Amino acid sequence: MGVDLQSNTSLSPGIQAMLPFLYAAWSDRHLSVPQIRALRKEAGELPFLTDQDKQTLNTWSDPVHPPSRERYQQWLSSGRAAAGALPEEATASLAELGVWLGLAAEEDPDARRAFWQEQLPALRHIEEGLGGVQEDTYRSLFPLYDQREKLNEAITESSVNPAVLQDLLEGPRAEIIARTKEILLRPSFDRPTLRIKEDYREQVLRWCKELAQEGIGALSYPEAYGGEDSMSEYAGAFEAIAYHDLSLVIKFGVQFGLWGGAVYNLGSKRHHDRWLRETGTLELPGCFAMTETGHGSNVRGLETTAVYDPEHRELIVHSPSIAAGKEYIGNAMHARMAAVFCQLIVNGESHGVHAVVVPIRDEAGYVLPGIRVEDNGYKMGLNGVDNGRLWFDQVRVPVDNLLDKYGGITEEGTYESPIKSPGKRFFTMLGTLVGGRVFVPRAGLSAAKSALAIAVRYGLRRRQFPSESMRSETIILDYPNQQRRLIPRVAKAYALQFGLDHLLERYVNRTPDDMREIEAMAAGLKSYATWFTTATIQECREATGGKGYLAENRFADLKADTDIFATFEGDNTVLMQLLAKSLLTEFKKSFQEDGNVAVLKFIGRRVSTLVTEQNPYVVRQTDREHLESRGFYQSAFHFRASRLVTTLAQRLRAYIKEGMSSYQAGLLCQTHMIAAAEAYVEQLVLDASLEAVDGRKPADDAGSSDGSHALLEKVVTLYAAHTIESHAAWYLESGYISGQKSKAVRKLVDKLCAELRPEAGVLVDGFGIPDKLLGAPIAL
């Protein structure tokens, strides 16, 4: 092996070899007696030092005349350059660096290699003679060594095994998540850089087919159609795929969740028999055609029609205008079938929105007559998803293609439905499709976890600015501001996982009576989680500086691919208003059902809050034990959620009493509605998190043997304190806390961030993202 390092100075080989020792000796800005002896007496006996070298060494080891900043930096630069050239098997030591630097300065390194290798024992003796060289000194000299070792050391600082946290986060889905990751780690899933959308789409399609062949796509379908009848396992696979490629997870969701879900949830057995198995294997690619250009979130206002023709027992599907075209349809360029949502008209009467299966391509992939397809083209992100527009020009399909679980056409040609109310039928139908809002935030959270893992790992390795001019630079995650930027977001990621798991459990075990509440819950959590994703990826990008701006470190794709999450499967702002309306309905219903009893209960709760939570002592209480107690922060969350709904109802009622329409009153209270919805979601997430933490608590209350309970308790406390801090102005205005207490909450957040700093590596490793899927060089 040749010597690649070339000396850039006029220093002799002997002095070059001594530079690492000089740097280490001066790292604390003064020389001890043992260090002077090592550098002068013992080094003076080295055979490679000339008399001139010894004189230079004596000058540079004079304790009265420390080296200039420039010279010291030159020593560091020489040492780092040599460290970068060391073979991987070489020991990270000053002696190895000295040999390498001395050899590099020789005119004929190959001829002198054996000589310099013979100097290693003597140089090691001098290294020992320097005494306790600080660990930071070694790390500053060996940056590559530091990168390989630092994360493992950061993790071993914690008493908690990341595998314990991963087991908690993955829960009953651990097996399917591991199975999915094994597939994603195959060479066939390597991520090439494909900037041409058609190439990228074909790659994503190949990946999707491979997942389908492994049975991952059909997980939620009945066993009779090749599935495992497990929506929970489908959710686990979905969030694991999001660690790999977000275009893949969206295409996967469109094919198996939206198109397949429409057939399964809205169709009857004959539809299942006809299309479901081939959907699960991706032999039958399909798409979900609901959104229209002119009616994004207003599903009831869709213009596309399906008119029943009794003579031929056919449905005529038609787009009456350009604005009625189906917009942003995933899988549009590959699909052979489309579940088209349209106004069903039978015998001249509209029966509202229904879904009809319409063939759009033949088996050879050619577009069928009456179908117009346009490519949406390049997007900000997700360019591996083939989004397109669809229009229908008097397209005829058999009446049997109507997905008729909630409403169909009889043999006599009349419309019938088991649900008589059109409004209830509409919401029942949409309720079966709420799965998209259950799964999208899980994919978004996976993306946020990836960003946090990259940023925290980088923060544990990257150094910037020394505390003193001649000291090793500081690990950037040791800076309080960097902790503030990242650690509360790590805590919130854990809390959101617990909240989304609660939603998934409710959805998987739903009953018809639960659906309204689950729909509202899904609307709120989807919004809250995907807003978190967008903000977190941006913060992580900034926290990694210029390295984070490089495409290879993935923030560019994570940011671009998740940006749409805030507006698909429902615009977040609209969904939060939907949740707020649901909260108002339940608030009103409680008074209607219980009458005066409800009024008395409401007054009683208000008086109780004033006595126990808003008395002069509690609003000013600032001791840490109180601030970290559930009695404080859980009550604060519940107070905010309850108070915002109550005051919202009061405002709306006052406006309406003044003669204003409900619509106009709603507009005036729109921001209030969104705040009430947010408070409800935060309360839900906190309660679910505390339940998860309590699940790790041993029966004897002595502290879990694996240390996870105490760590998770602190993580959730940070989520709670940081959330209260973010709403400090509201709590102050409401008289719930004093200014002094608000300041104490802020200080508590700082303390919790500092206390969780040693656990940061463990917490992000607990996400369970394999290095290959994480993919960012700065995190590996």
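Here the structure is a predicted model, which means the values were calculated and not measured.

Reading the values: the criteria
- Residues numbered from 1 in each chain as written.
- Predicted model: local features only at pLDDT ≥ 70, side-chain atom pairs only at ≥ 80, totals over all residues.
- Heavy atoms only, no water.
- Patch = residues over 30% accessible without salt bridge, like charges linked within 9 Å, V, L, I, M, F, W, Y side chains within 5 Å.
- Areas by Shrake-Rupley, 256 points an atom, 1.4 Å probe, with all protein chains shown as cover.
- Salt bridge = Lys/Arg side-chain N within 4 Å of Asp/Glu carboxyl O.
- Lys, Arg positive; Asp, Glu negative; His and termini not counted.
- Charge placed at Lys NZ, Arg CZ, Asp CG, Glu CD.
- Buried < 20%, exposed > 50% of the residue type's maximum accessible area, 1.4 Å probe, protein only.
- Helix = DSSP H or I, 4+ residues; strand = E, 2+ residues; numbered from the N terminus.
- Expected span 1.5 Å × (residues − 1).
- Core = buried A, V, L, I, M, F, W, Y, C linked by side-chain atoms within 4.5 Å.
- Contact = heavy atoms within 4.5 Å.
- Pairing = 2+ DSSP bridges.
- Axes fitted to C-alpha atoms, helices over the stretch in contact; angles between N-to-C directions.
- Polar contact = N/O pair within 3.5 Å; in protein donor to acceptor, adjacent residues only side chain to side chain.
- Parallel < 35°, antiparallel > 145°, perpendicular 65-115°, else oblique.
- Left-handed = near helix turned anticlockwise from the far one by under 90°.
- Nonpolar A, V, L, I, M, F, W, Y, C, P; charged D, E, K, R; others polar.

## Things to note about a positive patch on the surface
On the surface, Lys743, Arg746, Lys747 and Lys751 cluster together to form a positively charged patch. For Lys743, a relative accessible area of 43% gives the class partly exposed.

## Side note on helix H1 (residues 13-25)
For H1, which comprises 13 residues, the first-to-last C-alpha distance of 19 Å matches the rise-based estimate of 18 Å (1.5 Å per residue) to within 8%. Most of H1 sits out of view: 12 of its 13 residues are buried. Of all the residues in H1, the buried ones are Gly14, Ile15, Gln16, Ala17, Met18, Leu19, Pro20, Phe21, Leu22, Tyr23, Ala24 and Ala25.

## Observations concerning the nonpolar core
By size, the foremost hydrophobic cluster in this structure holds 172 residues, and its most contacted members are Leu248, Phe252, Phe341, Tyr494, Leu525 and Phe767. Residue contacts for Phe252: discarding those within four places in its chain leaves Cys208, Leu211, Ile216, Gly217, Tyr234, Phe238, Ile241 and Gly257. Grouped together as the second largest cluster of nonpolar side chains are 30 residues, Met18, Leu39, Ala43 and Leu76 included.

## Some remarks on the sheet that holds strand E7 (residues 371-375)
Sheet strands associate in pairs through backbone hydrogen bonding, adopting either a parallel or an antiparallel arrangement. If you trace the three strands from one edge of the open sheet to the other, you get E4-E8-E7, paired in antiparallel fashion. On the outer flanks of this sheet lie strand E4 (326-329) and E7, each paired with one strand and no other. With direction set aside, neighbouring strand axes in the sheet form an average angle of 25 degrees. When E7 meets strand E8 (residues 388-392), the two strands line up antiparallel, connected through five bridges. Across the sheet, Asp375 pairs through a bridge with Gly388, a residue of E8.

## Re the side chain of Lys379
Looking at the secondary structure, you find Lys379 in the loop between E7 and E8. Asp375 provides the closest opposite charge to the buried, unpaired Lys379, separated from it by 6.4 Å. At 3.1 Å, the side chain of Lys379 forms a polar contact with the backbone oxygen of Leu382. Among residues more than four places away in sequence, those in contact with Lys379 are Tyr328, Val385 and Asn387.

## Structural notes on the packing of helix H5 (residues 94-104) against helix H6 (residues 109-118)
The description of two helices packed together rests on the angle between their axes and the distance between the axes. At a minimum axis distance of 9 Å, the contact between H5 and H6 shows a crossing angle of 150 degrees. By the angle class used here, H5 and H6 are roughly antiparallel. Here H5 runs over H6; the crossing is right-handed. In contact with Val99, Gly102 and Leu103 of H5, H6 contributes Pro109, Arg112, Arg113, Trp116 and Gln117. Partitioning the contact of H5 with H6 into residue classes produces four nonpolar, two polar and two charged.

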